[in-house]
There are 4 protein chains.
Amino acid sequence: MKRYIRTDLALELKEDLPEQGLIDGVKIFTKNYKDEDIKETVIEVVNKKGEMMLGKPVGTYVTIESKSLREGDDSINKSFMQILHQNLAKMIGKADKILVIGLGNRAITPDSLGPLVIDNLYVTRHLINEGLVKEDKELSALAPGVMAQTGIETSVIIKSVCDKIKPDVVIAIDALAAREPDRLNSTIQICDTGINPGAGVGNNRAKLDKKTLGIKVIAIGVPTVISVPAIVYQSVEGMVNVLRSGRCNDNIEKRGNEKNKNKETGEENGKWIDYEEDERLEHFTDAEKYEIACNLLEPDLAAMFVTPKNIDEAVKKVSYTISEAINGFLNYKRT
Amino acid sequence: MKRYIRTDLALELKEDLPEQGLIDGVKIFTKNYKDEDIKETVIEVVNKKGEMMLGKPVGTYVTIESKSLREGDDSINKSFMQILHQNLAKMIGKADKILVIGLGNRAITPDSLGPLVIDNLYVTRHLINEGLVKEDKELSALAPGVMAQTGIETSVIIKSVCDKIKPDVVIAIDALAAREPDRLNSTIQICDTGINPGAGVGNNRAKLDKKTLGIKVIAIGVPTVISVPAIVYQSVEGMVNVLRSGRCNDNIEKRGNEKNKNKETGEENGKWIDYEEDERLEHFTDAEKYEIACNLLEPDLAAMFVTPKNIDEAVKKVSYTISEAINGFLNYKRT
Amino acid sequence: MKRYIRTDLALELKEDLPEQGLIDGVKIFTKNYKDEDIKETVIEVVNKKGEMMLGKPVGTYVTIESKSLREGDDSINKSFMQILHQNLAKMIGKADKILVIGLGNRAITPDSLGPLVIDNLYVTRHLINEGLVKEDKELSALAPGVMAQTGIETSVIIKSVCDKIKPDVVIAIDALAAREPDRLNSTIQICDTGINPGAGVGNNRAKLDKKTLGIKVIAIGVPTVISVPAIVYQSVEGMVNVLRSGRCNDNIEKRGNEKNKNKETGEENGKWIDYEEDERLEHFTDAEKYEIACNLLEPDLAAMFVTPKNIDEAVKKVSYTISEAINGFLNYKRT
Amino acid sequence: MKRYIRTDLALELKEDLPEQGLIDGVKIFTKNYKDEDIKETVIEVVNKKGEMMLGKPVGTYVTIESKSLREGDDSINKSFMQILHQNLAKMIGKADKILVIGLGNRAITPDSLGPLVIDNLYVTRHLINEGLVKEDKELSALAPGVMAQTGIETSVIIKSVCDKIKPDVVIAIDALAAREPDRLNSTIQICDTGINPGAGVGNNRAKLDKKTLGIKVIAIGVPTVISVPAIVYQSVEGMVNVLRSGRCNDNIEKRGNEKNKNKETGEENGKWIDYEEDERLEHFTDAEKYEIACNLLEPDLAAMFVTPKNIDEAVKKVSYTISEAINGFLNYKRT
């Protein structure tokens, strides 16, 4: 169990579940689109028991994964976009007036996903209201900024506008944090339960859901960062494993770069780790490992994050895919 | 009278007034800060008669001008900033809760002034609400985007948020259109009457004033573009003057700027234009000249504007000056 | 003849030619790709006589036009891109080592086309040199900046690098000026004669051709601005036509676009212009009209340009199309 | 000794030195500018012995530190800028023709420092050559891009241009990696020994120094990232310290957040670590710790870095300070 490490992905939380946990609270379906190397996982939390197991409210969490999302040489990934569109269409159902909210801070690259999606939407609400176009679905959009930019709780801005323009459904887009580096910018999560506090790159405290807004909230999230504690936790865990296996020296030898090998110590496993010690190290619980990780961090690191070097380009690419999946609700795009 | 040419500057409208118009409807005060080469003009529209004369509602319009605004080699112009701050302070008076609205479209350089100002504000509303800082004035901010981006009338978003957070005063910042090229990015206009529809680079139709928001609205505007019809009007007007003076050939030779010189000299000033013709050309009214200008334009030009080559840099520079003038309301900035 | 108005497009220069000029100096072929609403014009200047007629050196000038270039809702226009690629392929021939130069100033939106194209190229020179990939064509790229940014003649930087890395061909990309508003961001010109001085948005004085670099130079240009004198010239010309036709009042009423209709109708077309005057106005030569236009301009306008409101988005879209056309030379893109 | 952890700062390398190492190879002077909270450290490597001790070539390394560099509320920090200018002036001496090179990749925020500095320089070389201004020092500038953008070794581009325009001195600006989080964007290092390979955010392999360019190279570097291995090394080191001290549980208790405390284990040091183990753990050498850290990392993490959330803003601020320090060599700035 890695529950102590921050992740916003239901998919990663699922990995912490014991086998039996899945039986009657959480249902999981997976589907592989082989030609496109795209994987879709649907996690359904069906009752309170599932909520407790997974740590996420009752609802549907769809994860679509493909490295091609960030790596494709075209500017958008059409197959991925269509799978995303179909899943959105299923969750939106018959709702006609869609308000898209781009959460996050445009000035912080890995947090700029939401505003970038808004930049490429074809909004139609004003055109429909003025009788200039005919569409089944009506799109409007807002990138409200984050509280550090506005001084106003993001949820307050969104609720104000919702109360006035009364959309049928809100789609909220945000950058998320993941645990696993290879999920960054390659995974999109959609869920119908809104966005929980504390998500994303910033400390976005807005709770946006049916309860707070009075409107169904579909959240689209993409992990763009890993928190520094998550990295350190993994290294502490790795360290514990190294110590536990008593194979540190071997490990070092294999990479061929060691400088201070104590060749004279005849023992198989190195002189300094023996079986008894291993026994003791097993007593590190996950909680302890997490606490160690946090204690190891200098306070300055709290304001930092780990992100890929190509984050600027990757976020743009992913944002285009999401924009086009939403623009897919417009008739004129289909003809 | 050039009233047919679009300008958002009271200062330029004033130039159209006949001398006597100023007597009892519009009062004008000017002040030169010689050391800094800054000029301040206060235009007060005092009654209905003034409104009709100037074409602007009753209120105070302060214009601060200096080429150093766009040209200074430091990133902000401190003297200009302080004069701007003092004028803002006068208009704001005892209002404590200030909501700053950055109007305009961030993706169109000459229209990005408002959002850029917001980017550099030190908002404090959330910090004060959480008891983290003490300030006399409370700053919050919003860059709502334009209707083409959101599908929502900008005024609807702003009114929604105002109704919820109830500021004492709104400061709205927008890019304007001027007539005179040398006013671009060198002039800031502040007024206490809000922002009228149709202003700015975009077709921002939001009427933001005391009447629509229920809150006093102070507008800060900076001309960043000239409309194509304004340029063409000027050239038509110039053409008419050339014909009228009958000195086209001389003009070409000397590149002088004279307009009505030497009417009495008759035929020797050009082989092809004589005195009688001049008489007839005087029949062009301003309305006709404007109509000619509009007829001359190809429809594609309607979606274009005239802007300086260095607009990206100039808009950033001006936005810093405005941000700092507003940040000047915070105590921690003064100590 | 409009030869006094600045244009960088051979296509617009061609419009100035008298019919007979085409006979033995300039050859023109046009082709319409009907499904895609794309028009291709090939202008071949075959000898000195053609050079004098067109004002462009001996060589081939291909113009590809389509409004879909700037307006398509996908991020790139595939058909346009393929036609562009085929034309480039023809000009490049068997040259294998390609150096792409992105001319222009990244900080001035309409001048940023060249650097933006470079941003999206897949350069391979270093990978091929290190034996990491195999390709028939080798791509390298440079965005040298403009002289106002570097203090160095752009041609000096490019020649220095060419002398060192010895490419077989240089592709130089630059923003151009056009006369006609509807050509902005909808037209791409390719030629095999290099880039002439004075082209583009900035005062790019670099002469880049076989003679200066010792290497064949293919230029790709896209008009992104119209100069202010071009706009004013057009309005002066329009004014002269209005006066000449003596139909100003009617014009205002009907908003027609007619130019020389009904000269014989005399007085009834307007109270203030009669036939004699018309005679005299015909004495305006093109040179005089251009001089008038320049005299009409305030000096500040010289540093300005006319550009569409959506220039930021349009330049990005066009740059992607060009990048992909060049990336098309890589094998891995074709498989 | 932490020599295995990547740092580009002589200041951090110095911390690894044993006391006696300083005696005859490396000289260190420090100066505190108290009013401004700025610290200046001059490290002089005087001979081969010093080179071996510090791992940096013979020369002078000046480090200027102040948190105000990244945090000041004005857009530039004037005191810091002046101290930087004075140090540059000392190193440049009588050299008159200065070529400033902005290394790094503009599209990767923490690597964009060099290009951003170039953006704000007042280059004069072309103006002086044309006789338009008179200056003692002549500035030119180039932001060549990185090899992944150009396909060309950065050093090849720079050497080509240097051979042509023959500057007296090159100032090369680059983003660096540090070990300590609180040094990010708060420290500027200047040295007169050029830039060593492997520095910076990207894998900039350009060796730029007197030997390769034939011209003195002054390097200005600012740490903007910490490598992921550096973070993990620190956590491994912390982990070893925790194990060594046998005080893991205490540590957890002090932060008051512990979940699985085993209160019943009476022993001082926790039940699972005893003295003998401690003995053995001391045998971890630095090399072993670094190897462990590298082994712990997933391959995906190699392409990532750790950076502050406000990196976009911080890099801009620092770049302005450096630009202004270099612009300080122009006369017109001083009058």
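Treat the numbers as computed from the prediction; the structure is a model and nothing was measured.

Caption draft 1: Structural detail: the overall build of chain A. Looking only at helices and strands, chain A has 15 helices and nine strands in total. Classification of the 335 residues of chain A by burial places 59% in the buried group. Sequence separation of at least 24 residues holds for 74% of the intrachain contacts in chain A that already meet a minimum separation of 6. For chain A, the exposed surface amounts to about 13,600 Å²; the carbon and sulfur share of it is 48%.

Caption draft 2: Region of the structure containing the pairing of strand S2 (residues 38-45) of chain D. Residue and element names in this part refer to chain D. Among the eight residues that make up S2, six are buried, leaving the element largely enclosed by the rest of the structure. Two elements, strand S1 (residues 26-33) and S2, share eight bridges in a ladder whose sense is antiparallel. Paired with Lys 31 across the two strands is Glu 40, which belongs to S2. Remark: four residues form the turn of the hairpin made by S1 and S2, two consecutive strands paired antiparallel; Asp 37 in that turn has positive phi of roughly 60°.

Caption draft 3: Structural detail: the pattern of salt bridges. Per the counting criterion, the structure on display carries 32 salt bridges over all chains. Connected through shared salt-bridge partners, Glu 12, Glu 65 and Arg 183 of chain A make up one network.

Caption draft 4: Broad picture of the pairing of strand S5 (residues 138-142) of chain A. Residue and element names in this part refer to chain A. Counting buried positions over the five residues of S5 gives five, a clear majority of the element. Residues Glu 138, Ser 140 and Leu 142 of S5 are buried on one face, and the alternating residues Leu 139 and Ala 141, pointing to the opposite face, are buried as well. In this structure, strand S4 (residues 97-102) lies alongside S5, joined through five bridges in parallel fashion. In the strand pairing of S5, Val 100 is matched with Ala 141.

Caption draft 5: Seen up close, the side chain of Ser 186 of chain C. Residues and elements named next belong to chain C. Note that Ser 186 resides in the loop between strand S6 (169-177) and strand S7 (187-191). For Ser 186, a relative accessible area of 4% puts it in the buried group. Sequence-distant contacts of Ser 186, that is, excluding residues within four places in its chain, are made with Ile 64, Glu 65, Ser 66, Lys 67, Leu 69, Arg 70 and Phe 80.

Caption draft 6: Structural context of helix H14 (residues 311-327) of chain A. An ideal rise of 1.5 Å per residue puts 24 Å on 17 residues; H14 of chain A measures up with 24 Å between its terminal C-alpha atoms. When you tally the buried positions in H14 of chain A, you get 15 out of 17 residues, the bulk of the element.

Caption draft 7: Main features of the packing of helix H4 (residues 78-92) of chain B against helix H14 (residues 311-327) of chain B. Residue and element names in this part refer to chain B. Two numbers describe how H4 lies on H14: the axes approach to 8 Å, and their chain directions differ by 50°. Between H4 and H14, the interaxial angle falls into the category oblique. Where H4 crosses over H14, the handedness of that crossing is right-handed. Mapping the contact onto sequence places Phe 80, Met 81, Leu 84, His 85 and Leu 88 in H4 and Thr 321, Ile 322, Glu 324, Ala 325 and Ile 326 in H14. Of the residues contributing to the contact of H4 with H14, the split by class is seven nonpolar, two polar and one charged.

Caption draft 8: Structural detail: the side chain of Thr 187 of chain B. All names here are of chain B. Tracing the sequence through the fold places Thr 187 in strand S7 (residues 187-191). Judged by relative accessible area, which is 0%, Thr 187 ranks as buried. Dropping the residues within four chain positions of it, Thr 187 is found in contact with Leu 9, Thr 63, Ile 64, Glu 65, Leu 69, Gly 221, Val 222 and Pro 223.

Caption draft 9: Representation of helix H8 (residues 154-165) of chain B in the model. Compared with the 16 Å implied by 1.5 Å per residue over 12 residues, the 17 Å span of H8 of chain B between its first and last C-alpha is a close match. Burial in H8 of chain B covers these residues: Thr 154, Ser 155, Ile 157, Ile 158, Ser 160, Val 161, Cys 162 and Ile 165 of chain B.

Caption draft 10: View of unusual backbone geometry. Positive phi values are uncommon outside glycine, yet Asn 185 of chain B reaches one of about 60°. Considering the arrangement of structural elements, one finds Asn 185 of chain B in the loop between strand S6 (169-177) and S7.

Caption draft 11: Broad picture of the packing of helix H8 (residues 154-165) of chain C against helix H8 (residues 154-165) of chain D. Look at H8 of chain C against H8 of chain D: their axes get within 8 Å of each other, and the N-to-C directions meet at 120°. In this structure, the crossing between H8 of chain C and H8 of chain D has a hand that is right-handed. Contacts between H8 of chain C and H8 of chain D involve Val 156, Ile 157, Lys 159, Ser 160, Val 161, Asp 163, Lys 164 and Ile 165 of chain C on the former and, on the latter, Val 156, Ile 157, Lys 159, Ser 160, Val 161, Asp 163, Lys 164 and Ile 165 of chain D. For the contact of H8 of chain C with H8 of chain D, a count of residues per class yields eight nonpolar, two polar and six charged.

Caption draft 12: The arrangement of the environment of Ile 152 of chain D in detail. Relative to the assigned elements, Ile 152 of chain D resides in the loop between helix H7 (147-150) and H8. With 79 residues separating them along the chain, Ile 152 of chain D and Ile 231 of chain D place their C-alpha atoms 32 Å apart. The contact partners of Ile 152 of chain D, leaving out residues within four places of it in the chain, are Leu 99, Arg 125, Ser 140, Ala 141, Val 161 and Ile 165 of chain C together with Met 147 and Ile 157 of chain D.

Caption draft 13: Seen up close, the confidence of the model for chain A. Residues and elements named next belong to chain A. On average, chain A scores 78 in pLDDT, and the residues at 70 or more come to 70%. When mean pLDDT is compared element by element in chain A, S4 scores highest at 97, while helix H11 (residues 248-255) scores lowest at 40. Scored below 50 in pLDDT, residues 247-282 shows 53 contacts in the model against residues more than four places distant or in partner chains. If you check the scores for this complex, the pTM reads 0.81 and the ipTM reads 0.80.

Caption draft 14: Summary view of the environment of Glu 313 of chain B. Within the fold, Glu 313 of chain B resides in helix H14. Linking Glu 313 of chain B and Glu 71 of chain B, residues 242 residues apart in sequence, is a C-alpha distance of 9.7 Å.

Caption draft 15: Broad picture of the state of the cysteines. All names here are of chain B. Taken as a whole, this structure holds zero disulfides over all chains when the rule is applied. Free of any disulfide, Cys 191 has its nearest neighbouring cysteine sulfur in Cys 162, separated by 16 Å. The buried category is assigned to Cys 191, whose relative accessible area is 5%.

Caption draft 16: Quick peek at the environment of Lys 159 of chain A. Note that Lys 159 of chain A resides in helix H8 (residues 154-165). A relative accessible area of 27% means that Lys 159 of chain A is categorised as partly exposed. Along the sequence, Lys 159 of chain A and Leu 213 of chain A sit 54 residues apart, while their C-alpha atoms lie 5.7 Å from each other. Non-local contacts of Lys 159 of chain A, meaning those with residues more than four positions away in its chain, are made with Thr 212 and Leu 213 of chain A together with Lys 164 of chain B.

Thresholds, definitions, all that
The written sequence of each chain sets the order in which its residues are numbered from 1. Here chains are named by letter from A upward and ligands by number from 1 upward, in the order in which they appear as written. Only residues with pLDDT of at least 70 get local features here, since the model is predicted, and only at 80 or more are side-chain atom pairs given and counted; chain-wide, interface and lining totals rely on the full set of residues. Side-chain numbers here rest on the full set of heavy atoms in the structure, without hydrogens or water. The numbering of helices and of strands both runs from the N terminus, where a helix is a DSSP run of H or I of at least 4 residues and a strand a run of E of at least 2. Buried, partly exposed and exposed residues are distinguished by accessible area as a fraction of the type maximum, computed with a 1.4 Å probe on protein chains only: under 20%, between the cut-offs, and over 50%, respectively. Only heavy atoms enter the contact rule, under which two residues are in contact if any of them lie within 4.5 Å. Shrake-Rupley sampling with a 1.4 Å probe provides the accessible areas, and residues are treated as covered by the protein chains on show and by no other component. Here, a strand pair is defined by DSSP locating no fewer than two bridges between the strands. By salt bridge we mean one thing: a side-chain nitrogen of Lys or Arg within 4 Å of a carboxyl oxygen of Asp or Glu. A helix's residues, less one, multiplied by 1.5 Å, set its expected span. For every element, the axis is a line fit to its C-alpha atoms; helices are fit only across the contacting stretch, and the angle between N-to-C directions ranges from 0 to 180 degrees. Each angle receives one of four descriptions, namely roughly parallel if under 35 degrees, roughly antiparallel if over 145, roughly perpendicular if within 65 to 115, and oblique otherwise. By convention, the crossing between two helices is left-handed when the near helix turns anticlockwise from the far helix through less than a right angle, and right-handed when the turn is clockwise. Classes in brief: Ala, Val, Leu, Ile, Met, Phe, Trp, Tyr, Cys and Pro nonpolar; Asp, Glu, Lys and Arg charged; the others, Gly included, polar. One number per residue, pLDDT, summarises how confident the predictor is, and it ranges from 0 to 100. In this description, a disulfide is simply a cysteine sulfur pair whose atoms lie within 2.5 Å.

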